[in-house]
Amino acid sequence: MGKYVKALDQGHQLTDMSKQIIKDAIGVFEKFNFVRNNNSLAHDNVLPNHPEARFIFDSVTAVLRFIKSIELAPVVWTAPRWI
């Protein structure tokens, strides 16, 4: 994911805040896999309450929507740092 963030940053000049949020999302996605496998109707599990389930869903989809919008945006060319 680090390489992916660098590639996004090169083409789209992300702010430090956006880069940090995307990097932190790695841990969120890993935890989401746990929730998906152990706290969903896919298996016989205890479900999170509705507000918590909504929060988890909204958090994951917000990051995915942002990444998709960046990927679809035109690439901004910048001169290499050594120029």
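Residues numbered from 1 in each chain as written. Predicted model: local features only at pLDDT ≥ 70, side-chain atom pairs only at ≥ 80, totals over all residues. Heavy atoms only, no water.

Visitor: Outline the side chain of Thr61, supporting the account with residue identities and numerical values.
Guide: For Thr61, the location among the structural elements is in helix α3 (residues 50-72). For Thr61, a relative accessible area of 17% gives the class buried. Reaching out from Thr61, the side chain makes a polar contact with the backbone oxygen of Asp58 at a distance of 3.3 Å. (Helix = DSSP H or I, 4+ residues; strand = E, 2+ residues; numbered from the N terminus. Buried < 20%, exposed > 50% of the residue type's maximum accessible area, 1.4 Å probe, protein only. Polar contact = N/O pair within 3.5 Å; in protein donor to acceptor, adjacent residues only side chain to side chain.)

Visitor: Can you break down α3 residue by residue, with the values?
Guide: An α-helical segment advances 3.6 residues per turn. Residues three or four places apart therefore align on the same side. Along its 23 residues, α3 runs 32 Å from first to last C-alpha, staying within 8% of the 33 Å computed at 1.5 Å per residue. Of the residues making up α3, those classed as buried are Ile56, Val60, Thr61, Val63, Ile67 and Ile70. Summarising the contacts, the buried residues of α3 are in contact with α1 (2-12) and α2 (16-38). The backbone nitrogen of Glu52 lies 2.8 Å from a side-chain oxygen of the residue at the head of α3, namely Asn49. (Expected span 1.5 Å × (residues − 1). Contact = heavy atoms within 4.5 Å.)

Visitor: Could you give me a rundown of the pattern of salt bridges, with the residues and numbers involved?
Guide: Enumeration over the complete set of coordinates arrives at 2 salt bridges. A salt bridge links Lys19 to Asp16; its shortest N-O distance comes to 3.4 Å. Residue Lys19 and its partner Asp16 are both found in helix α2; the two are separated by 3 residues, about one turn of the helix. For Lys19, a relative accessible area of 19% translates into the label buried. You can call Asp16 exposed: its relative accessible area is 62%. One salt bridge connects Asp58 with Arg54, and the closest N-O pair in it is separated by 3.1 Å. Placement of both Asp58 and Arg54 in helix α3 is noted, with a separation of 4 residues, approximately one turn of the helix. (Salt bridge = Lys/Arg side-chain N within 4 Å of Asp/Glu carboxyl O.)

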